[in-house]
Amino acid sequence: MQQSRSGSVEGDTKVDGNTSISVSTTFFPGADIDQLPTNLIILSSDSVFFYVNTKRLLAASTNGFNSHLPVKRNESDPQAANSDPILNLPETSTVLNIVLHTVHDMSCSHYCPTLPDLTSAVAALQRYGIPVQKALAPTAPLYSTILSYAPAQPIDVYTLAAKYDLYDLGAATSSHLLSFQLPTLTDEMAESIGSKYLKKLFFLHLGRSDAVCLHFLQPRSKLPLTRYSLLILFLHWRICHL
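Procedures and definitions
Position numbers for residues start from 1 in each chain and track the written sequence from start to end. Given that this is a predicted model, residues contribute local features only at a pLDDT of at least 70 and side-chain atom pairs are listed and counted only at 80 or more, while totals for whole chains, interfaces and linings are drawn from all residues. Excluded from the side-chain calculation are hydrogens and water; included are all heavy atoms of the structure. Axis lines are fitted through C-alpha atoms, for helices just across the contact stretch, and the angle between N-to-C directions can take any value from 0 to 180 degrees. Only DSSP runs of H or I reaching four residues or more are called helices, and only runs of E reaching two or more are called strands; each is numbered from the N terminus. Throughout, the term roughly parallel applies to angles under 35 degrees, roughly antiparallel to angles over 145, roughly perpendicular to angles from 65 to 115, and oblique to all others. Whether two residues are in contact is decided by their heavy atoms: any pair within 4.5 Å suffices. In this classification, Asp, Glu, Lys and Arg are treated as charged, Ala, Val, Leu, Ile, Met, Phe, Trp, Tyr, Cys and Pro as nonpolar, and every other residue, Gly included, as polar. As used here, the term nonpolar core means buried Ala, Val, Leu, Ile, Met, Phe, Trp, Tyr and Cys residues forming a set that is joined through side-chain atoms within 4.5 Å. Burial here depends on accessible area, computed with a 1.4 Å probe over protein chains only, as a share of the maximum for the residue type. Under 20% is buried, over 50% is exposed, and the range in between is partly exposed. Aromatic rings from Phe, Tyr and Trp, with only the six-membered ring used for Trp, were paired whenever their centres fell within 6.5 Å, and each pair was classed as stacked if the ring planes differed by under 30 degrees, edge-to-face if by over 60, and tilted otherwise. Sitting over a ring, as applied to charges here, requires NZ of Lys or CZ of Arg to be within 6 Å of the ring centre and within 35 degrees of the ring normal. Whenever Lys or Arg places a side-chain nitrogen within 4 Å of a carboxyl oxygen from Asp or Glu, that contact is recorded as a salt bridge.

Draft legend 1. Just the packing of helix α8 (residues 154-163) against helix α10 (residues 187-206), in detail. At a minimum axis distance of 9 Å, the contact between α8 and α10 shows a crossing angle of 85°. The angle between the axes of α8 and α10 places the two elements in the roughly perpendicular class. Residues Ile-155, Tyr-158, Thr-159, Ala-161, Ala-162 and Lys-163 of α8 lie in contact with α10, whose contacting residues are Met-189, Ser-192, Ile-193, Tyr-197, Lys-200 and Leu-201. Classifying every residue of the contact of α8 with α10 gives eight nonpolar, two polar and two charged.

Draft legend 2. The arrangement of the nonpolar core in detail. Of all hydrophobic cores here, the largest spans 40 residues; its most connected members are Ile-42, Phe-50, Leu-57, Val-122, Leu-136, Leu-142 and Ile-146. If you list the elements that add at least two residues to this core, you get β4 (40-43), β5 (48-52), α4 (93-103), α5 (115-127), α6 (132-135), α7 (141-147) and α8. Discounting residues that sit within four places of it in the chain, Leu-57 has contacts with Leu-40, Ile-42, Val-52, Phe-65, Leu-69, Leu-100 and Val-103.

Draft legend 3. Spotlight on the packing of aromatic side chains. Scanning all chains against the criterion turns up three aromatic pairs. Here the aromatic rings of Phe-27 and Phe-50 are separated by 6.4 Å at their centres, their planes lie at 50°, and the arrangement is tilted. One end of the pair, Phe-27, is in the loop between β3 (19-24) and β4; the other, Phe-50, is in strand β5, and 23 residues separate them in sequence. The class of Phe-50 is buried, set by a relative accessible area of 0%. Centroid distance Phe-65 to Tyr-128: 4.5 Å. Interplanar angle 10°. Geometry classified as stacked. One end of the pair, Phe-65, is in helix α2 (residues 64-67); the other, Tyr-128, is in the loop between α5 and α6, with 63 residues separating them in the sequence. Each member of the pair, Phe-65 as well as Tyr-128, carries the same accessibility label: buried. Positioned over the ring face of Tyr-128 is Arg-127, at 5.7 Å from the centre of the ring.

Draft legend 4. Quick peek at the pattern of salt bridges. According to the stated counting rule, one finds three salt bridges in the structure shown. Close ionic contact of Asp-34 with Arg-56 constitutes a salt bridge, the shortest N to O distance being 2.6 Å. Residue Asp-34 is located in the loop between β3 and β4, and its partner Arg-56 is located in helix α1 (residues 54-60); the two are separated by 22 residues in the primary sequence. On the basis of relative accessibility, which here comes to 17%, the residue Asp-34 falls in the buried class. The partly exposed category is assigned to Arg-56, whose relative accessible area is 30%. Across the salt bridge formed by Asp-165 and Lys-196, the nearest N and O atoms sit 3.2 Å from each other. Of the two residues, Asp-165 is situated in the loop between α8 and α9 (167-174) and Lys-196 in helix α10; the sequence distance between them amounts to 31 residues.

Okay, structure coming up:
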């Protein structure tokens, strides 16, 4: 197989003379990354082939890889019966590359994935039944890859941690949020973060003693926190400290 460039997810492989297909630079036929032989080909939405093992995916998934596995062979087609089945998935090669690296407990950092791609990959992990809490444990390769974005994009990493209740990732990101301006929170951001992690973020800014004051000023309503209600609480806190 021929790799196209450093950090590229796919390289070009020639088949049948002049015909070329795009194959993963990590998950290609004969790759020495798994003791189990490849017996499944995953095709991404942008036409990149990944050669993997079905048992490996099933062992990592709690829902049969979103009920896609095992792939049924077309026994009436002799050509299909003698070749590995192909599973078409809607994710891009970049996202699938992150997912498959995570399944194999390998770091994908050398591919330099963007935070949006990492966020999409985490959503895909959940969709394919791969426990996100385990995939993003502090010792997992994906954890450190995502955390590397905390200095530059702390609120986005914190939002991701909040969405999947990843306490360790949220705590590790919090030190980069001290300069974050709370009034810049939009309702959409507040909804994505959720009341539990909004409260943590707010208390981080107020400090431990100020948080006690804020606790007694909070309304008893069970309504979710919004940007408006956060600003009201902030005004209450300012009044308390005049």
